[in-house]
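Summary of structural features
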Amino acid sequence: MIKAVRGTRDLLPPDTALWNFVESAARDVFRAYNFQEIRTPIFESTELFARGVGEETDIVSKEMFTWEDRGRAESEKGNSLTLRPENTAGVVRAYIEHKLWDHGLNKLYYIGPQFRRERPQKGRYRQFYQIGAEAIGPASAGSESPARDAEVLEMLATLLDRLGIAGWNLELNSVGCLNDRAAFNDALRKALEPVVGKMCTDCQRRAVTNPLRVFDCKVPADQPIIDTLPRISQFLDEACHTHFEAVKEILTKVGVPFTLNDRLVRGLDYYTRTAFEFTHGALGAQNAILGGGRYDGLSESLGGPAAPGIGFAIGEDRIVMSLQESSTAESMLTKPDVYLAPLGAGMNAQAARLARELRRHDIVVDLGDETFRLKKSFETATKAGAKYILIVGENEVKADAFALKNLATGEQVSVPRADLPNKIRE
Ligand code: AMP
């Protein structure tokens, strides 16, 4: 038997109803903040992620699904391609490629699968789904303003509340800008020098190539050492400090609670200034339901114009997991309003005609088969969860009135064809 590949999974009904509920709530909320949808390709040039996300990140160094294009044209042969591990780099590439700033498009959202070769476990998959948004644009459009950061965070709080996810926690930090990063990296290297020998091999490498990434380390034995390291918050320059203070002030005034976490640096290199994560207690080890931050230099590092931005990615798998704790997917599933039971030869065509009429009135119709005995039709209708069963037999067709039975109450009435839509909707 061929099974789904490790780390991938089928999303089945009734759970798909929960996924749709999450996605439509996200679309509704994003619309209220004037975000528009973008869909970028599922694979891109490997270079986009190497440059965008950062060579030294876990994602790029260990987790990407990368292959060499066999190519039809000579120019394609040997090109390195990668299944997208995240969507911000793709959105910013598209922003640059289509000069979206010329169209005033500076608030974009996406929903779709991402791919990382991580060790699969509950809440962590190799194909997973993210719902994300990016507010990006020329600084002249206000894209650098702390008001954008606060707006995006407040939008997230609104969405989580709308979804009924209680007990989320917003963890907030500022990772400063390139200015601060140089001084901080120097201080980190100095602090790491005497202790790095006792740390894991990843940290030993990070200490040399990109010391900030030491904060991504999950090895328990390294944590007490990491706790003693200097924090980026001590190195923010005046502008970054003021920016962060303004974000916090707006959040406080609009009533979005947060906690400061100066260890939070996020596992992607493009972040500057505001960095954040929302966590949810009920999820156990994989408790991060979404993460994001500001990425003021990303567009330039991908060859575009200066375009400060801030965005986030929600782990849709984890949102659905936390909803499963409280609500039942079953109750969200669409059930047929009516099951049409054709009775006897030639009745399939009559039932199909009637089904077509009813569906045009937005009635959900499930259709049986003329070879079914009445008992089997009743059983099938009940199993499908239909509200009504409608008998389509020769006598009914002649009279142009049909026996409509409420499967819950057992009540049966004969209803003229023209009255059926109203009667069923009742
Ligand atoms: P990141 O792009 O790493 O900032 O991740 C943003 C969010 O995506 C995380 O907070 C998780 O909720 C979710 N996420 C990241 N990686 C995975 C994965 N392998 N499986 C499921 N969800 C994930």
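Residues numbered from 1 in each chain as written. Predicted model: local features only at pLDDT ≥ 70, side-chain atom pairs only at ≥ 80, totals over all residues. Heavy atoms only, no water.

Considering the side chain of Asp-296
Checked against the element boundaries, Asp-296 lands in the loop between β10 (288-294) and α10 (298-301). Sequence-distant contacts of Asp-296, defined by excluding residues within four places in its chain, comprise Glu-144, Thr-272, Arg-273, Ala-307, Pro-308 and Gly-309. (Helix = DSSP H or I, 4+ residues; strand = E, 2+ residues; numbered from the N terminus. Contact = heavy atoms within 4.5 Å.)

What to know about the packing of aromatic side chains
Following the criterion strictly, the structure yields twelve aromatic pairs and no others. Ring centres of Tyr-270 and Tyr-295 lie 5.9 Å apart, and the angle between their planes is 75 degrees; this geometry places the pair in the edge-to-face category. Taken together, the positions of Tyr-270 in the loop between β8 (259-260) and β9 (272-280) and Tyr-295 in the loop between β10 and α10 put the pair 25 residues apart, joining distant regions of the chain. Accessibility expressed as a relative area gives 1% for Tyr-295, which makes it buried. (Phe/Tyr/Trp six-rings, centres within 6.5 Å; stacked < 30°, edge-to-face > 60°. Buried < 20%, exposed > 50% of the residue type's maximum accessible area, 1.4 Å probe, protein only.)

Description of the sheet that holds strand β7 (residues 168-174)
Strand order in the open sheet made by the eight strands is β1-β5-β6-β11-β10-β9-β7-β8, with mixed pairing throughout. The open sheet has two free edges, formed respectively by β1 (36-37) and β8, since each of these has just one partner strand. Here nine bridges tie strand β5 (residues 107-115) to strand β6 (residues 127-136), and the two strands are oriented antiparallel to one another. Among the inter-strand pairings, Phe-115 is bridged to a residue of β6, identified as Gln-127. On the sheet, helix α9 (residues 238-254) packs against β7, β8, β9 and β10 and is oriented at approximately 160 degrees with respect to β7. In this fold helix α11 (residues 316-326) packs onto β5, β6, β9, β10 and β11 (309-315), with an angle of close to 50 degrees to the strand it touches most, β11. (Pairing = 2+ DSSP bridges. Axes fitted to C-alpha atoms, helices over the stretch in contact; angles between N-to-C directions.)

A word on the site of the ligand
Near the ligand, the surroundings consist of 16 residues, among which Arg-116, Glu-118, Tyr-125, Arg-266 and Ala-288 are the closest. At 2.7 Å from an oxygen atom of the ligand is found a side-chain nitrogen or oxygen belonging to Arg-116. Measuring from an oxygen atom of the ligand, one finds a side-chain N or O atom of Gln-130 at 3.1 Å. Considered on its own, the ligand offers 480 Å² of accessible surface; in the complex 91% of this is hidden by protein. Taken together, the residues of the shell around the ligand break down into seven nonpolar, four polar and five charged. (Near = heavy atom within 4 Å. Polar contact = N/O pair within 3.5 Å; in protein donor to acceptor, adjacent residues only side chain to side chain. Areas by Shrake-Rupley, 256 points an atom, 1.4 Å probe, with all protein chains shown as cover. Nonpolar A, V, L, I, M, F, W, Y, C, P; charged D, E, K, R; others polar.)

As for unusual backbone geometry
Omega for the bond connecting Pro-13 with Pro-14 falls within 30 degrees of zero, at 5 degrees, which places this linkage in the cis form. With respect to the helices and strands, Pro-14 occurs in the segment before α1 (15-32). A positive phi angle, close to 65 degrees, is found at Asp-362, a residue other than glycine. For Asp-362, the location among the structural elements is in the loop between α12 (347-360) and β13 (365-367).

As for the domain arrangement of the chain
For the chain, the assigned domains are domain 1 (15-177 + 237-324) and domain 2 (335-425). For domain 1 and domain 2, the distance between their C-alpha centres works out to 48 Å. (Domains from an automatic or database assignment.)

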